[in-house]
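Architecture and fold: a report
Each chain, written out:
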Amino acid sequence: MLDYLKKFLSKHQLTPEYLSQAEYWFDPLLAHLAKHKNTADKKPLCIGLNGCQGSGKSTLADYLATVFIHKYGLNAVSLSLDNFYLSRDERKQVSEKVHPLFASRGVPGTHNTEQIQRILLQLKNRQAGFLLPRFDKSTDNPYPKEEWPQIEQAPDIVIMEGWCWGVPPQGEKALQLPVNALESNKDPDQIWRQYINQQLKQKYQPLYQLMDVWLMLKAPSFACVYNWRLEQEIKLKAGLDTDKQTKVMTNDQLRGFIQHFQRLTEHGLACLPEKMDLVYELDEKRNIINCQQNSSFF
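Here's what I pulled together on the structure shown here. (Residues numbered from 1 in each chain as written. Predicted model: local features only at pLDDT ≥ 70, side-chain atom pairs only at ≥ 80, totals over all residues. Heavy atoms only, no water.)

Looking only at helices and strands, one finds 12 helices and 8 strands in the chain. Over its C-alpha trace the chain gives a radius of gyration of 19 Å, about what one expects of a compact globule, namely 19 Å for 298 residues. Each of the three principal axes of the chain carries a C-alpha extent, and together these read 50 × 45 × 40 Å. The proportion of buried residues among the 298 residues of the chain is 51%. Sequence-distant contacts in the chain: of pairs separated by 6 or more residues, those separated by 24 or more amount to 74%. (Helix = DSSP H or I, 4+ residues; strand = E, 2+ residues; numbered from the N terminus. Rg over C-alpha atoms; globule rule 2.2 N^0.38 Å. Buried < 20%, exposed > 50% of the residue type's maximum accessible area, 1.4 Å probe, protein only. Contact = heavy atoms within 4.5 Å.)

Okay, structure coming up:
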């Protein structure tokens with residue numbers, strides 16, 4: 001096994017079985033995108049990646065970037081929507097101005113969309129010498145700026161992943177009925193979900209236009225999210241110092257937290273597959289069972 005793949009497996013606490021699946025499903029995609037990049041103009045190829053929480057999208061984004069760099073000699077940058085969350089104080093301001101639920105990170109309205117746009121445009125324009133934000137989930141705040149990575153050279157490939165990345169706004173009728181207890185009890189007047197929908201329409205959709213290709217890891221249903229997200233918390237806790245481990249969510253906290261994501265996750269699962277260029281369908285254990293191609297790009 002190549003050293004860079006060994007390091008990748010170690011970084012993500014994965015077994016070699018992941019590489020077997022990746023070789024079958026993802027390596028043909030990488031070869032095609034690398035060939036396209038080498039015959040395209042000098043602008044970087046921007047790849048949008050959607051997948052619900054715990055689906056493996058961050059791992060896939062890093063795998064793609066790793067192989068682009070080491071096998072194809074392309075400078076790839078991987079970005080996560082999670083690193084663009086507003087700080088706790090900034091979300092507190094939104095929660096006081098709009099709705100208390102915006103104190104919790106996650107939904108549209110809790111990201112710094114101006115920052116996302118600025119950085120994506122810098123990358124698309126092949127600029128370098130600027131910092132990429134990083135968010136510390138254990139403290140619920142961005143890392144200090146001195147810990148942000150710097151873009152050293154202009155990218156050939158930009159990968160942007162996120163749980164709601166690519167999700168369009170809902171129709172007005174869909175917003176009327178609550179989808180869970182959180183919405184029933186804490187958003188009876190629809191203020192929270194109406195604002196989220198407005199954010200998608202005004203702030204997020206223009207950002208989607210900056211992507212050249214769209215990929216999706218499609219979960220069987222929202223019901224998988226709890227177990228998948230629980231695995232993430234266990235990994236997060238294992239990688240933290242003892243004093244920070246108590247700040248990782250308990251199982252009950254996690255059950256409540258994921259209710260914030262249910263509406264848009266289910267909306268995305270229903271409407272995104274036909275909009276994506278390539279859809280990898282997952283089973284409950286995150287194994288890919290099918291690949292749906294919707295675009296002449298491939």
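From this point, the narrative continues.
Now for the sheet that holds strand β5 (residues 157-162). Here we have 6 strands laid out as an open sheet, ordered β2-β5-β1-β6-β7-β8, and mixed in their pairing. Two strands bound the open sheet, and with one partner strand each, they are β2 (76-80) and β8 (288-293). With strand direction ignored, the average angle separating the axes of adjacent strands in the sheet is 15°. Across 5 bridges, strand β7 (residues 278-282) lies against β8 in antiparallel orientation. In the strand pairing of β8, L278 is matched with Q293. Strand contacts of helix α2 (residues 17-25): β7 and β8, with the helix running at about 25° to β8, the strand carrying the most contacts. (Pairing = 2+ DSSP bridges. Axes fitted to C-alpha atoms, helices over the stretch in contact; angles between N-to-C directions.)

To continue, consider helix α3 (residues 27-39). Its 13 residues place the ends of α3 19 Å apart at the C-alpha level, agreeing with the 18 Å of an ideal helix rising 1.5 Å per residue. Taken together, the buried positions of α3 are occupied by L29, L30, L33, A34 and K37. Taken around the axis of α3, the buried residues stretch over an arc of 125°, which confines them to a single face. What points out from α3, more than 90 degrees from its buried face, is the exposed set K35, N38 and T39. On its buried face, α3 is in contact with α2, β1 (45-51), α4 (57-70), β5, β6 (213-218) and β7. (Expected span 1.5 Å × (residues − 1). Arc of directions from axis to C-beta.)

Structurally, L182 is set in helix α7 (residues 181-186). Sequence separation of L182 and L101 is 81 residues, and the distance between their C-alpha atoms is 9.5 Å. In contact with L182, other than residues within four places in its own chain, are L101, D187, W192, Q259 and H260.

Another aspect to go through is the packing of α2 against α3. Contact geometry of α2 with α3 gives a least axis separation of 4 Å together with a crossing angle of 45°. As judged from the angle between their axes, α2 and α3 are oblique. Contacts between α2 and α3 involve A22, E23, Y24 and W25 from the first element and D27, P28 and L29 from the second. Residue classes in the contact of α2 with α3 are distributed as 5 nonpolar, no polar and 2 charged. (Parallel < 35°, antiparallel > 145°, perpendicular 65-115°, else oblique. Nonpolar A, V, L, I, M, F, W, Y, C, P; charged D, E, K, R; others polar.)

Here the focus is the side chain of N197. Along the chain, N197 turns up in helix α8 (residues 191-208). Classification of N197 by relative accessible area gives buried; the value is 6%. Only 2.6 Å separates the side chain of N197 from the backbone nitrogen of Q170, close enough to count as a polar contact. In this structure, N197 is in contact with P169, Q170 and L175, ignoring residues within four places of it in sequence. (Polar contact = N/O pair within 3.5 Å; in protein donor to acceptor, adjacent residues only side chain to side chain.)

This part covers the nonpolar core. Y18, F26, Y63, F68, L79 and W165 are the most contacted members of the largest nonpolar core, which totals 87 residues. Aside from chain neighbours lying at most four places away, what touches Y63 is L5, F8, Y18, L19, A22, E23, F26, D27 and L30. (Core = buried A, V, L, I, M, F, W, Y, C linked by side-chain atoms within 4.5 Å.)

With that out of the way, let us pick up the pattern of salt bridges. Per the stated rule, a full pass over the model turns up 13 salt bridges. Between E114 and K203 there is a salt bridge, and its shortest N-O distance comes to 3.8 Å. Of this pair, E114 sits in helix α6 (residues 113-124) while K203 sits in helix α8; the two residues are 89 residues apart in sequence, bridging distant segments of the chain. The class for K203 is partly exposed, based on a relative accessible area of 32%. R255 serves as the salt-bridge partner of D252, at 3.2 Å between the closest nitrogen and oxygen. Within this pair, D252 and its partner R255 are both found in helix α11 (residues 251-258), separated by 3 residues, close to a single helical turn. Residue classification places R255 among the partly exposed positions, given a relative accessible area of 43%. (Salt bridge = Lys/Arg side-chain N within 4 Å of Asp/Glu carboxyl O.)

Turning our attention to the side chain of H99. Here H99 shows up in the loop between α5 (88-97) and α6. Take H99: its relative accessible area is 9%, and that puts it in the buried class. In this structure H99 touches V94, K186, D187, I191 and W192, once residues within four positions along its chain are discounted.

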